[in-house]
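Examining the three-dimensional arrangement
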Amino acid sequence: MSELFPVVAGLLCGVLIGSMTTRRRLTVGVASAVVAGVLATVLSGEWRLSWAFVLVDVSLVAMSAAVGVLVSRRVTARRSIR
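Residues numbered from 1 in each chain as written. Predicted model: local features only at pLDDT ≥ 70, side-chain atom pairs only at ≥ 80, totals over all residues. Heavy atoms only, no water.

**Focus on the overall build of the protein chain**
Along the backbone of the protein chain there are three helices and zero strands. Listed N to C, the secondary structure of the protein chain is α-α-α in terms of helices and strands. Dimensions of the protein chain, computed from the C-alpha atoms along their principal axes, are close to 50 × 25 × 15 Å. Residue burial in the protein chain is summarised as follows: out of 82 residues, 32% are buried. (Helix = DSSP H or I, 4+ residues; strand = E, 2+ residues; numbered from the N terminus. Buried < 20%, exposed > 50% of the residue type's maximum accessible area, 1.4 Å probe, protein only.)

**What about the packing of aromatic side chains?**
Evaluated as defined, the whole model comprises one aromatic pair. Plain terms: the ring middles of Trp47 and Trp51 are 5.9 Å apart, the flat faces sit at 35° to each other, and that makes the pair tilted. Note on Trp47: relative accessible area 32%, which makes it partly exposed. (Phe/Tyr/Trp six-rings, centres within 6.5 Å; stacked < 30°, edge-to-face > 60°.)

**Some thoughts on the environment of Val7**
In this structure, Val7 sits in helix α1 (residues 4-17). Judged by relative accessible area, which is 28%, Val7 ranks as partly exposed. For the pair Val7 and Ala40, spaced 33 residues apart in the sequence, the C-alpha separation amounts to 9.8 Å. With near-sequence residues (within four places) excluded, Val7 lies in contact with Leu60 and Ser64. (Contact = heavy atoms within 4.5 Å.)

**Let's talk about helix α2 (residues 22-44)**
Taking 1.5 Å of rise per residue, 23 residues should cover 33 Å, and α2 covers 32 Å from first to last C-alpha, within 8% of that figure. Taken residue by residue, α2 has Arg25, Gly29, Ser32, Ala33, Ala36, Gly37, Ala40 and Thr41 as its buried positions. Residues of α2 that are buried in the fold lie against α1 and α3 (53-81). A positive backbone phi angle near 85° is found at Gly45, which sits one or two residues after α2. (Expected span 1.5 Å × (residues − 1).)

In structure tokens:
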């Protein structure tokens, strides 16, 4: 259950940054992945055990954001075809 926040935050970030330009998408995506990953570690209390959990949560947010970007771009492409 503690890994639900990073996945949802990543998907939400990915959907929101999916319509940005490539350069801006990369910058905003990395920044939001770091912020959401640190926030997920702190909210779940994993930081009390080790700050190494930040690496896991940041990568989980980043991978979920990549999926969100791909899904949002695919939906946008399908809508423009119709």
